[in-house]
Amino acid sequence: MTHFSILRLAPLQRRRGAALVVVLILLLLMTLLGLASLRGTLLEERMGANALDRSLGFQAAEAALRQAETVVLGFPVFPAAGCVAGLCAAPAGGALDRWTNPAFNGWVNAALVPGAAVVQPQFFIESLGNGPNTPGCDEASDPDPQCFSPRYRISARSVAANRGQIILQSNFAP
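Below is a short write-up of the structure. Computed from a predicted model, the values in this text were never measured in an experiment. (Residues numbered from 1 in each chain as written. Predicted model: local features only at pLDDT ≥ 70, side-chain atom pairs only at ≥ 80, totals over all residues. Heavy atoms only, no water.)

A tally of regular secondary structure across the protein chain gives 3 helices and 6 strands. Reading the secondary structure of the protein chain in the N-to-C direction produces α-α-α-β-β-β-β-β-β. Every one of the 174 residues in the protein chain was classed for burial, and the buried ones make up 26%. Here the contacts in the protein chain between residues at least 6 apart in sequence split such that 54% fall between residues at least 24 apart. A total of about 12200 Å² of accessible surface is found on the protein chain, and carbon and sulfur atoms cover 62% of it. (Helix = DSSP H or I, 4+ residues; strand = E, 2+ residues; numbered from the N terminus. Buried < 20%, exposed > 50% of the residue type's maximum accessible area, 1.4 Å probe, protein only. Contact = heavy atoms within 4.5 Å. Areas by Shrake-Rupley, 256 points an atom, 1.4 Å probe, with all protein chains shown as cover.)

What follows is the structure, given as structure tokens:
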């Protein structure tokens, strides 16, 4: 026997299909790797879209809040009870908060935010009565008339179809 006959590989009949199996396994691994990276990319795409939706919703709700503040600066007349055109009387004790009550229909549409036409901002204003302007001024035996000024609670929200809802609130004293 020669030296080369020891290194001789198996006959051709035994080697058929071995390369095919190796290639198919590598192809399967590459496919799984591609699917995993595609899944991660899709998740990042959804996260980015949700962040954009939240940002647009927040901007729309904040714009409605600022619009309601300008309404309050005009010192509107509030109803004695209930709500009329987004102006609401002081909340009754023990009643469900208006902004959490799904049956409440006193929301008023605010101006649309440019570039966010799918988000409809809304607001309503509650009169909270008069409150002291400086700490302790109401404790004097004869308080100064300038001690008190009206207080308002402004609730604003942005609602988009099949999207989240953003609600902002501020206590406002003109």
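On we go.
What follows deals with the state of the cysteines. Within this structure, the stated rule accounts for 1 disulfide. A disulfide bridge connects C83 with C88, and the sulfur atoms are separated by 2.0 Å. An S-S torsion of about 115 degrees defines the bridge between C83 and C88 as right-handed. Given the relative accessible area of 0%, C88 is considered buried. (Disulfide = S-S within 2.5 Å.)

For the rest of this paragraph, the subject is the pattern of salt bridges. In the structure shown here, the tally under the stated rule is 4 salt bridges. Close ionic contact of E126 with R98 constitutes a salt bridge, the shortest N to O distance being 2.6 Å. Taken together, the positions of E126 in strand β4 (residues 120-132) and R98 in the loop between β2 (87-88) and β3 (108-109) put the pair 28 residues apart, joining distant regions of the chain. When sorted by exposure, E126 lands in the same class as R98, which is buried. Between R153 and E126 there is a salt bridge; the shortest N-O distance is 2.8 Å. With a gap of 27 residues between them, R153 in strand β5 (residues 148-159) and E126 in strand β4 connect regions that are remote in the sequence. Each member of the pair R153 and E126 is classed as buried. (Salt bridge = Lys/Arg side-chain N within 4 Å of Asp/Glu carboxyl O.)

The next point concerns helix α3 (residues 18-73). In this model α3 runs 83 Å from its N-terminal to its C-terminal C-alpha over 56 residues, within 8% of the 82 Å that 1.5 Å per residue would give. Three or more residues of α3 are buried, namely G57, A60, A61, A64, L65, A68, E69 and V72. Taken together, the buried residues of α3 touch β4, β5 and β6 (165-172). The positive-phi residue at the C-terminal boundary of α3 is F75, with phi of around 45 degrees. (Expected span 1.5 Å × (residues − 1).)

Generally, phi is negative for residues other than glycine and the peptide bonds are trans, each holding for most cases. In this model, F75 sits at a positive phi of 45 degrees, which is unusual for a non-glycine residue. Relative to the elements of secondary structure, F75 occurs in the loop between α3 and β1 (83-84). Residue class for F75 comes out exposed when judged on its relative accessible area of 51%. Phi is positive for A85, which is not a glycine, with a value near 55 degrees.

Along the chain, S149 falls in strand β5. Only 2.6 Å separates the side chain of S149 from the side chain of N133, close enough to count as a polar contact. In this view, S149 contacts G129, N130, G131, N133 and A173; residues no more than four positions away in its chain are not counted. (Polar contact = N/O pair within 3.5 Å; in protein donor to acceptor, adjacent residues only side chain to side chain.)

Geometry only, nothing functional implied.
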